[in-house]
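A closer look at the structure
Spelled out, the chains give:
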Amino acid sequence: MKPSIVLYKKLPADLHQRLEEHFSIVEFDGINEGNRAKVFDALQQAEGLIGSGGAVNKELLDHAPRLRGVSTISVGYDNFDVDELTRREIPLMHTPTVLTDTVADTVMALVLSTARRVVNVAERVKAGEWTSNIGADWFGVDVHHKTIGIIGMGRIGMALAQRAHFGFDMPVLYNARSQHKAAEERFGAKKCELDELLAKSDFVCVLLPLTDQTFHTIGKEQLAKMKSSAILISAGRGPVIDEKALIAALKDGTIHAAGMDVFETEPLPKDSPLLCLPNVVALPHIGSATHETRYGMAACAVDNLIAALTGDVKENCVNPQVLNK
Ligand code: 8YV
């Protein structure tokens, strides 16, 4: 008999079929209040779990006594209780490499669209406001040759530095726990303390994952250290930035603008003040959302689950200490 797994995100047909060749699948559309009881019921038999979104915490794991492998269709895993998974010797698999360039492209899109006011001016064109040669009220600010500060120099930070350095002649500053020799050699990147990066950067790009340590890394105090002409880009996880403090800073001119792909609450509540600020470009967490990359992530996650349940994990494991136990 094939091992039973719970799938909680719709997969392309060929990938669904690939999973089916190995496992007996119980499928759900997400894990939410409405289906929690049914998911918990299916988890009683499940040896594998694959999907994205929704909390995989102790309560859920307590309903999954036979679980041997978990695979998330994402690079981020802040909604997983990794300590609890590790304690139970369950490998957590993720998709760290396949989305790197796509997310870096999204960050660059936010840099360009905030600086050049792309969304704002395009809306004005559609509204019929382009009736004569444009004046200064349509102008933006330059991106090329400006200083970019990258907070969180992982794979995506590196891909962003590459674009900024080679594509836009931008000096690159970065703040990270460890030194990145490759970034320094390839892109002339300079490692800085956070305060120095905030004070010197024209674009501050925050790419940190969410952990207890990174929560509200950027708050009132940090925003006050930025140039008043600077633009903040948020593309890691929303709670890394204190949104209330950011809204205040955008309103009172502490900083010039913000480009955001992630928010403290997602979907962004309809009454968020961010939606009324002309100097904000807000995207619906599209970092990795291209057809090609989302397919690649799903394929990687399927392979990861198969590897985890057949004891053949070679890469992409968040807690590799549980392997070979
Ligand atoms: C996805 C992401 O949007 O991979 C991540 O961590 O944030 C995004 O690529 C998200 O996980 C939904 O699949």
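All chains use their own residue numbering, which begins from 1 and follows the written sequence. With the structure being a predicted model, the display of local features is reserved for residues of pLDDT at least 70 and the display and counting of side-chain atom pairs for 80 or more, all residues being used for whole-chain, interface and lining totals. Each side-chain value is worked out from all heavy atoms of the structure, with water and hydrogens disregarded.

1. Brief notes about the domain arrangement of the chain
Let me state the cut-off plainly: In this document the domain limits rely on a domain assignment from an automatic tool or a database. Buried area counts how much accessible surface, traced with a 1.4 Å probe, disappears from two parts once they are put together, with both parts' losses summed. Each salt bridge in this description consists of a side-chain nitrogen of Lys or Arg and a carboxyl oxygen of Asp or Glu lying within 4 Å of one another. A 3.5 Å cut-off defines polar contacts: any pair of N or O atoms within that distance qualifies, except that in protein one atom must be a possible hydrogen donor and the other a possible acceptor, and neighbouring residues in sequence count only when both atoms are side-chain atoms. Three classes are used, and their members are as follows: Ala, Val, Leu, Ile, Met, Phe, Trp, Tyr, Cys and Pro are nonpolar, Asp, Glu, Lys and Arg are charged, and the others, Gly among them, are polar.
When the domains of the chain are assigned, the result is domain 1 (2-95 + 289-320) and domain 2 (99-280). Domain 1 and domain 2 are separated by 32 Å when their C-alpha centres are compared. Interface area, domain 1 with domain 2, both sides summed: about 550 Å², of which 62% is carbon and sulfur. Its largest share of buried area at the contact with domain 2, domain 1 owes to Val 75, Asp 78 and Thr 293, together 65% of the area lost on that side. Where domain 1 touches domain 2, the interface holds 1 salt bridge. Summed over the shared surface of domain 1 and domain 2, the result is 2 residue pairs in polar contact (both at pLDDT 80 or more). Here the residues of the side of domain 1 that touches domain 2 sort into 2 nonpolar, 4 polar and 1 charged.

2. Structural notes on the UniProt feature "domain: D-isomer specific 2-hydroxyacid dehydrogenase catalytic" (unreviewed entry) in the chain
The condition is simple: UniProt positions are given in the numbering used here, feature names are shortened, and annotations may be inferred rather than shown by experiment. Helix numbering and strand numbering both begin at the N terminus, where a helix is a DSSP run of H or I of at least 4 residues and a strand a DSSP run of E of at least 2.
The positions that UniProt labels "domain: D-isomer specific 2-hydroxyacid dehydrogenase catalytic" (unreviewed entry) are, in the present scheme, residues 5-319. Counting secondary structure, residues 5-319 comes out at 37% helix and 13% strand; the distance between its end C-alpha atoms is 20 Å.

3. Comments concerning the pattern of salt bridges
Short version of the rule: Buried residues are those whose accessible area, probed at 1.4 Å on protein chains only, stays under 20% of the maximum for their type, while exposed residues exceed 50% and partly exposed ones sit between those limits.
Summed over all chains, the structure comprises 19 salt bridges. With a shortest N-O distance of 3.1 Å, Arg 36 and Glu 33 are connected by a salt bridge. Accessibility expressed as a relative area gives 67% for Glu 33, which makes it exposed. In this structure, the salt-bridge partner of Arg 237 is Asp 78, at a minimum N-O distance of 2.9 Å. With Arg 237 in the loop between strand 10 (231-234) and helix 11 (243-251) and Asp 78 in the loop between strand 4 (69-72) and helix 4 (82-87), this pair connects stretches of sequence that are 159 residues apart. Using a relative accessible area of 33% as the deciding quantity, one classes Asp 78 as partly exposed.

4. A closer look at the side chain of Thr 217
How we decide: Two residues form a contact once any of their heavy atoms are found within 4.5 Å.
Here Thr 217 is to be found in the loop between strand 9 (203-206) and helix 10 (220-225). For Thr 217, the contacting residues outside a window of four places in its chain are Leu 194, Leu 208, Gln 222 and Val 240.

5. With respect to the sheet that holds strand 2 (residues 24-27)
Threshold: By this definition, two strands are paired if DSSP reports at least two bridges between them. A fitted line through C-alpha atoms serves as each axis, taken over the contacting stretch for helices, and the angle formed by two N-to-C directions is quoted from 0 to 180°.
Across the sheet, 5 strands lie side by side as 2-1-3-4-5; this open sheet has parallel pairing. The sheet is open, and its two edges are formed by strand 2 and strand 5 (92-93), each paired on a single side. The pairing of strand 1 (residues 4-7) with strand 3 (residues 48-51) spans 3 bridges and is parallel. Residue pairing in the sheet places Ile 5 in a bridge with Gly 48 of strand 3. Against the sheet, helix 12 (residues 291-309) makes contact with strand 1, strand 3, strand 4 and strand 5, and its axis sits at roughly 170° relative to strand 4, the strand it touches most.

6. Describing the packing of aromatic side chains
The test is simple: Two rings from Phe, Tyr or Trp (for Trp, the six-membered ring) form a pair when their centres are within 6.5 Å of each other. A pair whose planes differ by under 30 degrees is stacked, one over 60 is edge-to-face, and the rest are tilted. Charge over a ring is defined by NZ of Lys or CZ of Arg lying within 6 Å of the ring centre and within 35 degrees of the ring normal.
Considering all chains together, one arrives at 1 aromatic pair under this definition. Ring centres of Phe 166 and Phe 187 lie 5.9 Å apart, and the angle between their planes is 85°; this geometry places the pair in the edge-to-face category. Within this pair, whereas Phe 166 is found in helix 7 (residues 155-168), its partner Phe 187 is found in helix 8 (residues 181-187), the two being separated by 21 residues in sequence. Above the plane of the ring of Trp 138 lies Arg 124, whose end atom (NZ or CZ) is 4.0 Å from the centre.

7. Some words on the site of the ligand
The following threshold applies: We define proximity as follows: a residue is near a molecule or strand when any one of its heavy atoms falls within 4 Å of that partner. Only the protein chains shown count as cover for residues, and all accessible areas are computed by the Shrake-Rupley method using a 1.4 Å probe.
Taken together, Lys 9, Ser 52, Ile 73, Ser 74, Val 75, Gly 76, Leu 99, Arg 237, His 285, Ser 288, Arg 294 and Met 297 form the complete shell of residues around the ligand. Taking Ser 288, its side chain carries an N or O atom lying 2.5 Å from an oxygen atom of the ligand. Protein chains shield 85% of the accessible area of the ligand, which is 330 Å² for the free molecule. A class-by-class count of the residues in the shell around the ligand yields 4 nonpolar, 5 polar and 3 charged.

8. Section: helix 7
As a reminder, the rule being used: By this rule the span expected of a helix is its residue count minus one, scaled by 1.5 Å.
Over its 14 residues, helix 7 runs 19 Å from end to end, which matches the ideal 20 Å to within 8%, given 1.5 Å per residue. For helix 7, the set of buried residues is Ile 156, Gly 157, Met 158, Ala 159, Leu 160, Ala 161, Arg 163 and Ala 164. Of the surrounding elements, those touching the buried residues of helix 7 are helix 5 (100-115), strand 6 (148-151), strand 7 (172-175), helix 8 and strand 9. Once helix 7 finishes, Asp 169 follows within two positions and takes phi at roughly 50°, a positive value.

9. Overview of the packing of helix 5 against helix 7
Applicable threshold: Working rule for angles: under 35 degrees goes down as roughly parallel, over 145 as roughly antiparallel, 65 to 115 as roughly perpendicular, anything else as oblique. Whether a crossing is left-handed or right-handed is set by the direction in which the near helix is turned from the far one by less than a right angle, anticlockwise for left-handed and clockwise for right-handed.
Interaxial distance between helix 5 and helix 7 falls to 8 Å at its minimum, and their mutual angle equals 55°. Classified by the angle their axes make, helix 5 and helix 7 are oblique. Where helix 5 crosses over helix 7, the two elements pack in a sense that is right-handed. Note on element contacts: helix 7 touches helix 5 through Arg 155, Ile 156, Ala 159, Leu 160, Arg 163 and Phe 168, opposite Thr 100, Asp 101, Val 103, Ala 104, Asp 105, Val 107, Met 108 and Leu 112. The class makeup of the residues in the contact of helix 5 with helix 7 is 9 nonpolar, 1 polar and 4 charged.

10. A closer look at the layout of surface pockets
Defined as follows: Put plainly, a pocket is an open set of points on a 1 Å grid over the protein atoms alone with protein on both sides within 12 Å along at least five of seven lines, a cavity is a set where a 1.4 Å probe fits but cannot get out, and a lining residue has an atom within 4 Å of a point. Grid points are joined across faces, edges and corners, and a volume is the space filled by probe spheres set on the points.
Considered as a void within the structure, the second largest pocket measures approximately 370 Å³ in volume. As for the second largest pocket, its lining consists of 17 residues, of which Asn 120, Leu 277, Pro 278, Val 280 and Val 281 are closest to the centre. If you list the elements that add at least two residues to the lining of the second largest pocket, you get helix 5, helix 6 (118-126) and strand 12 (280-282). Sorting elements by how many residues they give to the lining of the second largest pocket places helix 6 first, with 4 residues.

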